[in-house]
Amino acid sequence: MATRIKDLPADEIVLSGNGACASCPSTLALRIVGKALGSNVVMLLTPSCTVASMGLTPQMAFNYPAMNVCFATAASSASGVMYSLEAQAMKGRLQGELPTVITWTGDGGTYDIGFQALSAAAERNDHFIHFCYNNEAYSNTGVQRSAATPAFAATTTTPGGKVEAKKNMPLLMLDHRVPYMATASLAYPADLYDKVVKAKSVKGLKYIEIFAPCYPGWRFESKDMIKLARLAVRSGVNLLWEAENGAITRFSHPTKGLVEGSSQPRGLEEYFEAQGRFKHVMTPERKEAFLSGVEAEIRAEMDLLRGRQV
Amino acid sequence: MNVHPISFPQKGVSGQTGSWRMERPVLNKDLCTSCLFCWVFCPEAVIDKESLKIDYTYCKGCGICASECPTHAIVMEKEVSSS
């Protein structure tokens, strides 16, 4: 049975007064993830907005044991911490339940710089949860393009719009045949919570990607952050699903309706209209071609995902 | 003196972030249905789950609570004082 918003625990992992922008999706995502994981956690962070906003020594904005590691090493550091904890438990130095080891990275630390370590850890099937909050750019350093930036999106390094299409990281992780993986959205916090609880119970490498609309990077109003996350899911830009061992086991609401054909994608135009980074393609001359291109891509991805079901 | 590179959890690591605010969210309890959308969607964790009291010391005024409230019980009012 799915959890309701009212049932989420009141414990807070992210403390108020951190350095994140108002309406930062990374702190909100970490807040919900923290509620699902409890307090027995070791968190490894690579350079990202979360690290930039967590405070300076000797203060920290998270109620977790957390360690900052090099950009490329999120997954390999987590593997090392996990093996060390297991060794200590074997020697009797650690009693009780072992902490859950998690990594917390942005799309840079997963799609680009952290990919090799993550791929290797997935192949070894090391026991930890890799989180990626995908804000589709290097927002922390001033919104440069990343492999997760969609085509046509303007960033500070692609002022005329990105030429290349984005990398499809969830599908890459699906083909690593990890024991459990999921894509999630901030607009559906109870769904995200359930996915994290499920990931915690599975042995091996778990991958969870959280779609994170970044208001300074995508150039929209801060109050619309959840609205954009919701539009992304309803329009099919962000498809929510869970997979085990290389096969999709479940599509979450409302993606389920889109994939099964019982409901139609809506709000695509509204989604792109709200973002300043697509302003140059949302003109009367270019809009139609751009939107039909995106629609075709979404249909192709849904066809692909349908074929990957159990 | 030994200095250890260890940090400890604390509120307000970036100061009183409430001073960043341009507009303050104000809750009208008469319209509130306690759906807790404001609480769950607050990135700053400044809304109390039980009392729905907003901690204005740290609220950055992003406006998500007002924008997501289904009954419009929270409205954004222009900030007048500096606190």
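Here the structure is a predicted model, which means the values were calculated and not measured.

### Looking at the packing of helix H1 (residues 25–37) of chain A against helix H7 (residues 189–201) of chain A
All names here are of chain A. Following both chains from N to C, one finds H1 and H7 inclined at 45 degrees, their axes separated by 8 Å at the closest point. Looking at the two axes, H1 sits oblique to H7. The hand of the H1/H7 crossing is right-handed. Two secondary-structure elements touch here, H1 through Ala29, Ile32, Val33, Lys35, Ala36 and Leu37 and H7 through Pro189, Leu192, Tyr193, Val196, Val197 and Lys200.

### Notes on the pairing of strand E4 (residues 100–106) of chain A
All names here are of chain A. Burial within E4 is extensive, with 7 of its 7 residues counted as buried. Here E4 shows no split at all, with Thr100, Ile102, Trp104 and Gly106 on one side and Val101, Thr103 and Thr105 on the other all buried. Both E4 and strand E5 (residues 128–134) contribute to a ladder of 5 bridges, which runs parallel. Looking at the pairing, threonine 103 lines up with histidine 130 of E5.

### Let's talk about the packing of aromatic side chains
Within this structure, the stated rule accounts for 11 aromatic pairs over all chains. Considering the side-chain rings of A:Phe152 and A:Phe290, the 5.4 Å spacing of their centres and the 80 degrees angle between planes classify their relative orientation as edge-to-face. Here A:Phe152, found in the loop between E5 and helix H6 (169–174), pairs with A:Phe290, found in helix H12 (residues 287–307); they are 138 residues apart in sequence, far enough to count as distant. Each ring, one from A:Trp218 and one from A:Phe220, has its centre 6.3 Å from the other, and the planes form 65 degrees; the classification is edge-to-face. Each of the two residues, A:Trp218 as well as A:Phe220, counts as buried. Cation over ring: A:Arg31 sits above B:Trp39, and NZ or CZ is 5.5 Å from the ring centre. When the ring centre of A:Phe115 is taken as reference, the NZ or CZ atom of A:Lys167 above it lies at 4.9 Å.

### What about the nonpolar core?
Residues A:Trp104, A:Phe131 and A:Ile210 are the most contacted members of the largest nonpolar core, which totals 117 residues. Among residues more than four places away in sequence, those in contact with A:Ile210 are A:Ala29, A:Val33, A:Trp104, A:Phe131, A:Cys132, A:Tyr133, A:Asn134, A:Ala184, A:Leu186 and A:Leu192.

Thresholds applied
Residues numbered from 1 in each chain as written. Chains lettered and ligands numbered in written order. Predicted model: local features only at pLDDT ≥ 70, side-chain atom pairs only at ≥ 80, totals over all residues. Heavy atoms only, no water. Axes fitted to C-alpha atoms, helices over the stretch in contact; angles between N-to-C directions. Helix = DSSP H or I, 4+ residues; strand = E, 2+ residues; numbered from the N terminus. Parallel < 35°, antiparallel > 145°, perpendicular 65-115°, else oblique. Left-handed = near helix turned anticlockwise from the far one by under 90°. Contact = heavy atoms within 4.5 Å. Buried < 20%, exposed > 50% of the residue type's maximum accessible area, 1.4 Å probe, protein only. Pairing = 2+ DSSP bridges. Phe/Tyr/Trp six-rings, centres within 6.5 Å; stacked < 30°, edge-to-face > 60°. Lys NZ or Arg CZ within 6 Å of the ring centre and 35° of its normal. Core = buried A, V, L, I, M, F, W, Y, C linked by side-chain atoms within 4.5 Å.

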